[in-house]
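# Overview (structure and organization)
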Amino acid sequence: MTFVQIIDCKTSKLDDMNRLMDTWVEQTQGKRTATHSIVGRDHTDANHLVEIIEFPSYEEAMKNSNLPETDRTFQEMVALCDEMPTFIDLDVVRDEPLNAATARRFFEEIAGEGKLDLIGELFAPDYRDHDIGKAEESTVGSDVLRQDVTRWRGAFDFRFALDDQVAEGDRVVTRWTWTGRQRGDFMGIAPTGKECTMTGTTIFRFRDGKIQEGWWYYDMLGLMRQLGAAVA
């Protein structure tokens, strides 16, 4: 079970605190068990800091706490604080990366099931698309995406298998495997009935909860070879 530790403190020495944290990160390279750290400053009190540290489990957090470097850093941190920092230990009972869930909905519901009405819900109206399969460097508008999905679904019965997904900040990266059987014209190729497989990666950038921009990288040459339209 993922474990989170929250450190709440007050200090007027933010720059010194940042340097201290940088030193700890450098000294514990290859030894620390923390996987993610966020430091936030109170919007209404510039001296009020909160650090959120994520660990794979409580046991791993204890290993991290027992590092000599962690103990030294804690003593120096206390000296920089206006008062004794407080700690809250949390067992994570729900962890929902919302942008990643939205990205999955595109692959599963819009592309896979053809629920095109969801495009307006998940994508910004001025969505910008970068696709190696297109002649244009980029296209703009959620209607363009609707046309793309319709074109692919008209040419293939297909499905996506999501192999990996990583979310960080406003970006979600999805590595996928696409499997489809050609049943309609595709880029001038008459229906072949062949089942093809293609791998690719999509990066979505989010803004205000919607997909604002997308980059598509996939093995178009490999697909064309499977359809008999390119020399191996």
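As a reminder, the structure under discussion sits directly above these lines.
Residues numbered from 1 in each chain as written. Predicted model: local features only at pLDDT ≥ 70, side-chain atom pairs only at ≥ 80, totals over all residues. Heavy atoms only, no water.

### Points about the overall build of the protein chain
Across its full length, the protein chain holds seven helices and 10 strands. Its C-alpha atoms give the protein chain a radius of gyration of 24 Å, clearly above 17 Å, the size a compact globule of 232 residues would have. Overall size of the protein chain, expressed as C-alpha extent along the three principal axes, is 75 × 35 × 30 Å. Looking at the 232 residues of the protein chain, the share that counts as buried comes to 39%. Restricting the contact set of the protein chain to residue pairs at least 6 apart, pairs at least 24 apart contribute 60%. Summed over its atoms, the accessible surface of the protein chain is roughly 13,400 Å², and 50% of this surface lies on carbon and sulfur atoms. One finds the centroid of the 27 positive side-chain charges in the protein chain at a distance of 6 Å from the centroid of its 42 negative side-chain charges. (Helix = DSSP H or I, 4+ residues; strand = E, 2+ residues; numbered from the N terminus. Rg over C-alpha atoms; globule rule 2.2 N^0.38 Å. Buried < 20%, exposed > 50% of the residue type's maximum accessible area, 1.4 Å probe, protein only. Contact = heavy atoms within 4.5 Å. Areas by Shrake-Rupley, 256 points an atom, 1.4 Å probe, with all protein chains shown as cover. Lys, Arg positive; Asp, Glu negative; His and termini not counted. Charge placed at Lys NZ, Arg CZ, Asp CG, Glu CD.)

### Considering helix H1 (residues 14-27)
Taking 1.5 Å per residue, 14 residues should reach 20 Å; H1 reaches 20 Å between its end C-alpha atoms and fits that length. Turning to H1, its buried residues number three or more, namely Met17, Leu20, Met21 and Trp24. Buried residues of H1, viewed axially, fall in a sector of 95°; they line one side. Residues Asp15, Arg19, Asp22 and Glu26 are exposed on H1 and point more than 90 degrees away from its buried face. If you follow the buried residues of H1, they end up packed against strand S1 (3-10), strand S3 (48-55), helix H2 (58-65) and helix H3 (68-80). (Expected span 1.5 Å × (residues − 1). Arc of directions from axis to C-beta.)

### Some remarks on the packing of aromatic side chains
Here the structure, examined in full by the defined rule, presents 24 aromatic pairs. Arranged with centres 6.4 Å apart and planes meeting at 45°, the rings of Phe3 and Phe55 form a pair that is tilted. In this pair, Phe3 is assigned in strand S1 and Phe55 in strand S3, connecting sequence segments 52 residues apart. For the pair Phe3 and Phe55, a shared accessibility class is recorded, and that class is buried. (Phe/Tyr/Trp six-rings, centres within 6.5 Å; stacked < 30°, edge-to-face > 60°.)

### Quick word on the pattern of salt bridges
On inspection of all chains with the given rule, the structure shows 19 salt bridges. Of the charged contacts in the structure, one is a salt bridge between Arg183 and Asp157, with a shortest N-O distance of 2.7 Å. One end of the pair, Arg183, is in the loop between strand S8 (171-182) and strand S9 (195-207); the other, Asp157, is in strand S7 (residues 156-168), with 26 residues separating them in the sequence. For Arg205, the salt bridge is made with Glu213, and the minimal N-O distance between the two is 2.9 Å. Pair check on accessibility: Arg205 and Glu213 agree, each one buried. Shared partners join several salt bridges into a network, and the residues in it are Asp129, Lys134, Asp148 and Arg151. (Salt bridge = Lys/Arg side-chain N within 4 Å of Asp/Glu carboxyl O.)

### Re the environment of Phe106
For Phe106, the position within the fold is in helix H4 (residues 98-111). You can call Phe106 buried: its relative accessible area is 3%. Distance in space between the C-alpha atoms of Phe106 and Ile119 is 8.0 Å, their sequence separation being 13 residues. Beyond its immediate sequence surroundings of up to four residues, Phe106 is in contact with Ala111, Gly112, Leu122, Phe123, Leu145, Val149, Phe204 and Trp216.

### Side note on the state of the cysteines
Put plainly, a disulfide is one covalent bond tying together the sulfur atoms of two cysteines. The full count for this structure, using the stated rule, is zero disulfides. The cysteine Cys9 is free of any disulfide, with Cys81 supplying the nearest cysteine sulfur at 3.9 Å. (Disulfide = S-S within 2.5 Å.)

### Topic: the sheet that holds strand S4 (residues 86-91)
Spatially, the four strands line up as an open sheet ordered S2-S3-S1-S4, and their pairing is antiparallel. With one partner strand each, in any of the chains shown, strand S2 (36-41) and S4 form the two edges of the open sheet. Averaged over all pairs of adjacent strands, the angle between strand axes in this sheet comes to 15°, irrespective of strand direction. (Pairing = 2+ DSSP bridges. Axes fitted to C-alpha atoms, helices over the stretch in contact; angles between N-to-C directions.)

### Section: the packing of H4 against helix H6 (residues 142-155)
One way to put it is that H4 packs onto H6 with a least axis distance of 11 Å and a crossing angle of 55°. When the axis of H4 is compared with that of H6, the two are oblique. Residues Phe106, Ile110 and Ala111 of H4 pack against Leu145, Val149 and Arg153 of H6. Here the residues of the contact of H4 with H6 are counted per class, giving five nonpolar, no polar and one charged. (Parallel < 35°, antiparallel > 145°, perpendicular 65-115°, else oblique. Nonpolar A, V, L, I, M, F, W, Y, C, P; charged D, E, K, R; others polar.)

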